[in-house]
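Descriptive structure summary
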Amino acid sequence: MRLPVIFPSSLKQRRLFILVTSIILLFILALQIINRRFWLHDFEVYYLAAQAFMNGEPVYGRAYIFDTAFYKYSPFSLYLFVPFSILPYGVAKIIFFLLISAASVATLLLAAHLLQNNSERGQTYSNGLLFIVLGIVSSQVFRELHLGNVNMILLLLLLVMLRNLLKGKPVAAGIVFALVLFIKPHFLILVPLLLFRKQFKSLAVTASGLIAGILLPVVLTGFDKNLALYQAWMQTMQKHNASLREAYDTIYSLLLHRLPDLQSSDIQISEKAVVIALLITVATAFGWFVIANILRERKRQPQQSGQSFVIEFLILIALVPNLVITDAEHFLLSIPLILFLLGLMRNKTPVWFRIVVVFSVILYAMNIHDLVGASISLWLTRNGILGLGNFMLIGLTVYGYLNFEIKRIASSPATNAAS
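Figured I'd write up the structure that's included with this text. (Residues numbered from 1 in each chain as written. Predicted model: local features only at pLDDT ≥ 70, side-chain atom pairs only at ≥ 80, totals over all residues. Heavy atoms only, no water.)

1. Side note on the side chain of asparagine 390
- With respect to the secondary-structure elements, asparagine 390 resides in helix H19 (residues 385-410).
- Residue asparagine 390 is classed as buried on the basis of its relative accessible area of 0%.
- For asparagine 390, the side chain forms a polar contact with the main-chain oxygen of alanine 318, separated by 3.1 Å.
- Here asparagine 390 is in contact with Ala318, Pro321, Asn322, Phe331, Ser334 and Tyr364, once residues within four sequence places are set aside. (Helix = DSSP H or I, 4+ residues; strand = E, 2+ residues; numbered from the N terminus. Buried < 20%, exposed > 50% of the residue type's maximum accessible area, 1.4 Å probe, protein only. Polar contact = N/O pair within 3.5 Å; in protein donor to acceptor, adjacent residues only side chain to side chain. Contact = heavy atoms within 4.5 Å.)

2. Let's talk about unusual backbone geometry
- Positioned with a positive phi, arginine 36 is a non-glycine residue whose angle comes to about 55 degrees.
- Assignment of secondary structure puts arginine 36 in the loop between helix H1 (15-34) and helix H2 (41-54).
- Despite not being glycine, lysine 198 has its phi angle at roughly 60 degrees, a positive value.
- The topology assignment puts lysine 198 in the loop between helix H9 (191-196) and helix H10 (200-221).

3. Focus on the packing of aromatic side chains
- All told, the structure shown has 25 aromatic pairs when counted by the stated rule.
- Look at phenylalanine 309 and phenylalanine 313: their rings are 6.0 Å apart centre to centre, the planes differ by 70 degrees, and that puts the pair in the edge-to-face class. Of the two residues, phenylalanine 309 and phenylalanine 313 are both situated in helix H14 (residues 305-323); the distance of 4 residues between them amounts to about one turn of the helix.
- On the accessibility criterion, phenylalanine 309 (6% relative accessible area) is buried.
- These aromatic residues form a ring-pair network of at least three members: Phe43, Tyr47, Phe84, Tyr89 and Phe96. (Phe/Tyr/Trp six-rings, centres within 6.5 Å; stacked < 30°, edge-to-face > 60°.)

4. Describing the pattern of salt bridges
- Taken as a whole, this structure holds 3 salt bridges when the rule is applied.
- Between glutamate 57 and arginine 62 there is a salt bridge whose closest N-O contact spans 3.4 Å.
- Accessibility expressed as a relative area gives 30% for arginine 62, which makes it partly exposed.
- Arginine 197 is the salt-bridge partner of glutamate 312, the closest N and O atoms lying 2.8 Å from each other. Placement of glutamate 312 in helix H14 and of arginine 197 in the loop between H9 and H10 is noted, with a sequence separation of 115 residues between them. Side by side, glutamate 312 and arginine 197 carry an identical accessibility label, which is buried. (Salt bridge = Lys/Arg side-chain N within 4 Å of Asp/Glu carboxyl O.)

So, in structure tokens, the structure goes:
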């Protein structure tokens, strides 16, 4: 079997992983139906919002299922869910469940493919390693399936975008990026990286796609209705991001919850100041990382540019749930980093590094309600343990890449011969 659009090579070596994972996902589907827990509440919101849109009813600012079930995606994304809204809900949610399942399998395969084919040391990612990663993220994957969210689909699209950029296909990459941004604008975080890496054509295509996507519905709905939809969407987004105190897994959560103590002291610090300071710190640190990679490539290791770009791209994706208000399943965006770190541990990395990686993975994966119990699960949530584990994984990726990947490449015979 060959998938020329996503995977350029044969999938024969992945047949066992595809088969076993598919059986597991279908088994989950069967159990959800038998236990009458096949709800897909997030998808139900998309489904009902698309129906409301087609019926000329208000889309934003209304609770579809319960008090917090609001539609928060762009007006353009409604067109993506319209085909599902035409079908009976029972049929539509089975199709969407299968779509998420296929995206989950494809995401793991494509992440391994990208990391493996952009590794100067010939790193391989076995089926066993993919099963381990799937086990680590199983809690988030189950939530994704149970709720019917779009994170795995988005991650797959982002990896397809990355592969197109690496293959010198900026137009295809730009189209995919525009589609992703219409669903979740959070990934605008990738724009500075693309500017640094001179992906100007891809960004131009993305901008053109966004403009077309905003204006195209005018033909169907009229200018006034289209404008009203985007205004309502912006208001919904503002309300959703109104308070960061409840965003326990963000990098500023810990300091925000310390603000009452700080405010009682002689120094007055606002929430906005904390957020801005931490965002500047993260942006500066990442900017240094990218610039250091670019300078290194120009001076000594130009053949390493593809690998550096892959790591930079994947780090930014994984950073998104640490910066915005999200749910636990959004941390699935760190799947490629987990795969990368486990790949590093198969080599001669220090024992302390392996221990810290395992500890970070435990923090990332341990909040399974039925396993740890309600009280511990609540404590883990309110103390942002998932977010802490994710941020540690990002830091370990940067450290591991700089100290193990680059040094190994620099000391390799091929690199020395090239220099």
